[in-house]
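Structural overview
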Amino acid sequence: MRNVAIKGDYAIRNSPMILAKDLGGESVIENCYFVDENPGDKDTCLFVHADHAGDLLIKNCHFANWTDNAIYGSPPGNPNTSFYRPNDVGQGGSIRVEDSYFENNHVASVRLGSDSSYAKNCVVNGGPHRGFWSYYEHQTFKDCDATAGNPFDAGGGSHDYMRSARAELQNCRGEGSNRARGGAAIIGDPMKSNPRTEPPAGVPMTPEEAASGGGRDSSSSGSSTGSGSSDDGSDLSGTVLELIADQDAENAEYTFTVEGSVSPHTVSDKVAAEDADSITENGDGTVTVSGVSGAGYGDAFLVEGSITSMDLDASLWTVRYGGSEVDPNQFNESDSDSDSDSAEGVLELIADQDAENVEYTFTVEGSVSPHTASDKVAAEDEDSITENGDGTVTVSGVSGVGYGDAFFVEGTITSMDLDASLWTVRYGGSEVDPSQFNESDSDSAPAQQVLELIADLDARNVEYTFTVEGSVSPHTASDKVAAESEDSITENGDGTVTVSGVSGVGYGDAFLVEGSITSMDLDESDWTVRYGGSEVDPNQFGGSSSVPAEAELELIAGEDTRNEEYRFTVDGSVSPASLSDRIAAESSDTVTENGDGTVTVSGVSGAGYGDAFIVEGSITSMDLDETAWTVRYGGVEMRPQETVSA
């Protein structure tokens, strides 16, 4: 399918506009425009069937305003099990999404589920939910950008198989909070900030562009991998070198030298050599090239020969050589033997976009001087650099909203004190873990640790309780994560303190804990917990694994289910409960007293909604399709049969 545009109002709920499956061959959807101009409820654009066993390439396509997955591509990864859709076992076909643009889609823009599937050079611009979603297995997202509630997501709570999902990021940028649930993980490169929002070259932005076969700047799209063409169309031998400045860089400079020859080249409208770039023959068989760029633009050259040196601030540039991203330091390896052991270099401390007035302190055995890495990352007059009189220097400062400070360090950083969840730290041009500067203190835990409890974006009025043997005080980690007057901190009179609170929609609470956390009670599917700057499993803090005599029972239908039924019986009593706007008992649910001290409850739900009840007594039976439901009892996710023995 090429050069196709579909526009207008697609109003068929729960039925995809395009159904794709290939039983073993190769299929292509290219240069297409799929925009729902009057989005309704649960509209899906492209659904890939579980029977898909071939290869589907989706390239240079435009998807917008779909309310239930723009690309619903997880079924080829459906597990081969008897308890989850045994008639729809995934055949493992690949889905490759390249150079495409997604805008304002719900649930997910790109949802994948087979090992061989990936997305590359794609842009998600807006949407309240997920940008890229690894539903099962292992997918790679390379050179992708997402502005969404959860730019990158892995796994979920519908069933156990999703817990093995892995989303691997390679040079990706995002705005929002990444999420991995139920044991799934987001791996690979850390997500960078400042995502692109403009469509990749070649994407049709109107139906007319798609139908005519010409997408956005398609004449200059793509990158060269071995040989290239000059501006007049003649073939030239050589390898394409691209130097692309970060979105937040301004007037960033570079210089490189080649033993051989260099000529100007154009990769796209944003990455091309210009008249202002300098190409100088040195008279000894080498050529030196220098230039300036910024704001996501860059320069490109055809190199015939070997690059012998490159001088630029690696934190401000992406360098591609032969079509692949490379470390610019590889071009300076011949100088490595002459490097001193003094560990001198640029230190950058960059606050997160949603952080305000966050503090840092570090100490160096040696010397420190102010430095400017970019217009947004530079030392300021307010920063404090204090010589301690013993050969060490202590530096402290404050920043926020994506800005930061930079210093030139000559010597060894001996300590660093900051909340790692709110900062990105770069040293010598590479991102580093700030805890590496405190290794000498690893034998003794700090007296106080910051505890952050952050509710998911789609959670509403979710509760937590934890107990500390020691003391607890309110803390502000950021403008969205801070203790409030409504939070309860109660001294129990036995040396312990119990804290409880409520939050939701991406906000949270923070506390300074001095002592040990002895228990924590919350629904971990609704919360992210950070302790000492790192994300942790709340179960590590212990607590009773048994369900109390009176406990909340939640039955939550999977996102892709419809009209799923359940029935359970309790030896005791059952009463309706409302835990959120999506999880609450309704008048249509049936609660029947059987006359023998037992109660039977039945109901129907779907599409991520569910019912909740207070159970006093013991559950004696539960009848439902466990592949379609998530069951939580006493705040713990369980398989249905486990609730009977709990």
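So, a few notes on the structure that sits alongside this text. (Residues numbered from 1 in each chain as written. Predicted model: local features only at pLDDT ≥ 70, side-chain atom pairs only at ≥ 80, totals over all residues. Heavy atoms only, no water.)

**Some remarks on the overall build of the chain**
- Across its full length, the chain carries two helices and 51 strands.
- Evaluated residue by residue, the chain yields a buried proportion of 48% over its 646 residues.
- Look at the contacts in the chain between residues 6 or more apart in sequence, and 72% of them connect residues 24 or more apart.
- In the structure as shown, the chain presents an accessible area of about 28600 Å², 42% of it carried by carbon and sulfur atoms. (Helix = DSSP H or I, 4+ residues; strand = E, 2+ residues; numbered from the N terminus. Buried < 20%, exposed > 50% of the residue type's maximum accessible area, 1.4 Å probe, protein only. Contact = heavy atoms within 4.5 Å. Areas by Shrake-Rupley, 256 points an atom, 1.4 Å probe, with all protein chains shown as cover.)

**So, the sheet that holds strand S12 (residues 118-120)**
- Across the sheet, which stays open at both edges, the seven strands sit in the order S3-S6-S9-S12-S15-S18-S21 with parallel pairing between neighbours. Only two strands of the sheet have a single neighbouring strand rather than two, namely strand S3 (26-30) and strand S21 (185-188). Averaged over all neighbouring strand pairs, the angle between strand axes comes to 15°, with direction disregarded.
- As paired strands, S12 and strand S15 (residues 138-142) are joined by three bridges and run parallel to one another. If you follow Tyr-118 over to S15, its bridge partner there is Thr-140. (Pairing = 2+ DSSP bridges. Axes fitted to C-alpha atoms, helices over the stretch in contact; angles between N-to-C directions.)

**Looking at the pattern of salt bridges**
- Summed over all chains, the structure comprises 20 salt bridges.
- Of the charged contacts in the structure, one is a salt bridge between Arg-96 and Glu-98, with a shortest N-O distance of 3.8 Å.
- In this structure Glu-98 comes out as buried when scored by relative accessible area, which is 9%.
- Salt-bridge contacts for Arg-196 lead to Asp-145; the nearest nitrogen and oxygen are separated by 2.7 Å. A residue pair is termed long-range when its members are at least 10 positions apart, and Arg-196 in the loop between S21 and helix H1 (207-212) and Asp-145 in strand S16 (residues 145-147) qualify at 51 residues. Of the two residues examined, Arg-196 and Asp-145, each falls in the buried class. (Salt bridge = Lys/Arg side-chain N within 4 Å of Asp/Glu carboxyl O.)

**Quick notes on the pairing of strand S9 (residues 94-98)**
- S9 sits mainly inside the fold: four of its five residues count as buried.
- As paired strands, strand S6 (residues 55-59) and S9 are joined by five bridges and run parallel to one another. If you follow Leu-56 over to S9, its bridge partner there is Ile-95.
- Pairing of S9 with S12, which is carried by three bridges, proceeds in the parallel orientation. Along S12, the bridge assignment pairs Glu-98 with Lys-120.

**Section: the packing of aromatic side chains**
- Here the structure, examined in full by the defined rule, presents 25 aromatic pairs.
- Between Tyr-254 and Trp-317, the ring centres sit 5.4 Å apart and the planes meet at 85°, which makes this aromatic pair edge-to-face. Here the residue Tyr-254 occupies a position in strand S25 (residues 252-264), and Trp-317 occupies one in strand S29 (residues 317-321), the gap between them amounting to 63 residues. Like Trp-317, Tyr-254 is buried.
- A centroid spacing of 6.5 Å and a plane angle of 65° characterise the contact between Tyr-464 and Phe-511, whose relative ring orientation is edge-to-face. (Phe/Tyr/Trp six-rings, centres within 6.5 Å; stacked < 30°, edge-to-face > 60°.)

**A few points about the state of the cysteines**
- Tallied over the entire structure, the rule returns zero disulfides.
- Cys-122 carries a free sulfur, and the closest cysteine sulfur to it, the one in Cys-144, is 4.9 Å from it.
- A residue is classified by how much of its surface remains accessible, and Cys-144, at 0% relative accessible area, is buried. (Disulfide = S-S within 2.5 Å.)

**Considerations on the side chain of Thr-569**
- Looking at the element boundaries, Thr-569 is found in strand S46 (residues 564-577).
- Those residues within four positions of Thr-569 in sequence are excluded, and the remaining contacts are Asn-594, Thr-598, Val-599, Thr-600, Ser-618, Ile-619, Thr-620 and Ser-621.

**What about the pairing of strand S18 (residues 166-170)?**
- Residues Ala-167 and Leu-169 line the buried face of S18, whereas the alternating positions Arg-166, Glu-168 and Gln-170 sit on a face that is not buried.
- Pairing of S15 with S18, which is carried by five bridges, proceeds in the parallel orientation. Each bridged residue has a counterpart across the sheet, and for His-138 the counterpart in S18 is Arg-166.
- For S18 and S21, the ladder comprises four bridges, and the chain directions are parallel. Paired with Arg-166 across the strands is Ala-185, a residue of S21.

**Digging into the nonpolar core**
- Core analysis: the biggest nonpolar cluster contains 35 residues, and Phe-34, Ile-58, Phe-63, Val-97, Phe-102, Phe-132 and Phe-141 have the highest contact counts within it.
- Beyond its immediate sequence surroundings of up to four residues, Phe-141 is in contact with Leu-112, Ala-119, Phe-132, Trp-133, Ser-134, Phe-152, Ala-167, Glu-168, Leu-169, Gln-170 and Cys-172.
- Counting 26 residues, the second largest nonpolar core, distinct from the first, contains Ile-413, Met-416, Leu-422 and Tyr-427. (Core = buried A, V, L, I, M, F, W, Y, C linked by side-chain atoms within 4.5 Å.)

**Describing the sheet that holds S16**
- Pairing is parallel in the open sheet, where seven strands are placed in the order S1-S4-S7-S10-S13-S16-S19. This sheet does not close on itself; its edge strands, each paired only once, are strand S1 (5-8) and strand S19 (173-175). Adjacent strand axes in the sheet meet at a mean angle of 10°, parallel and antiparallel pairs treated alike.
- For S16 and S19, the ladder comprises three bridges, and the chain directions are parallel. The residue of S19 that forms the bridge with Thr-147 is Glu-175.

**Description of the side chain of Asp-55**
- Structurally, Asp-55 can be placed in strand S6.
- Within the structure, the side chain of Asp-55 is placed 2.5 Å from the side chain of Ser-94, a separation counted as a polar contact. (Polar contact = N/O pair within 3.5 Å; in protein donor to acceptor, adjacent residues only side chain to side chain.)

**Things to note about unusual backbone geometry**
- Non-glycine residue Val-107 carries a positive phi angle of around 65°.
- For Val-107, the position within the fold is in the loop between strand S10 (101-103) and strand S11 (108-112).
- Phi at Val-401 is positive, roughly 45°, even though this residue is not glycine.
- With respect to the helices and strands, Val-401 occurs in the loop between strand S34 (392-399) and strand S35 (404-417).

**A look at the environment of Met-310**
- With respect to the secondary-structure elements, Met-310 resides in strand S28 (residues 298-312).
- Given the relative accessible area of 6%, Met-310 is considered buried.
- Considered as a pair, Met-310 and Phe-256 are 54 residues apart in the sequence and their alpha carbons are 4.1 Å apart.
- When neighbours within four sequence positions are excluded, Met-310 is seen to be in contact with Leu-241, Leu-243, Thr-255, Phe-256, Val-319, Pro-328, Phe-331 and Asn-332.

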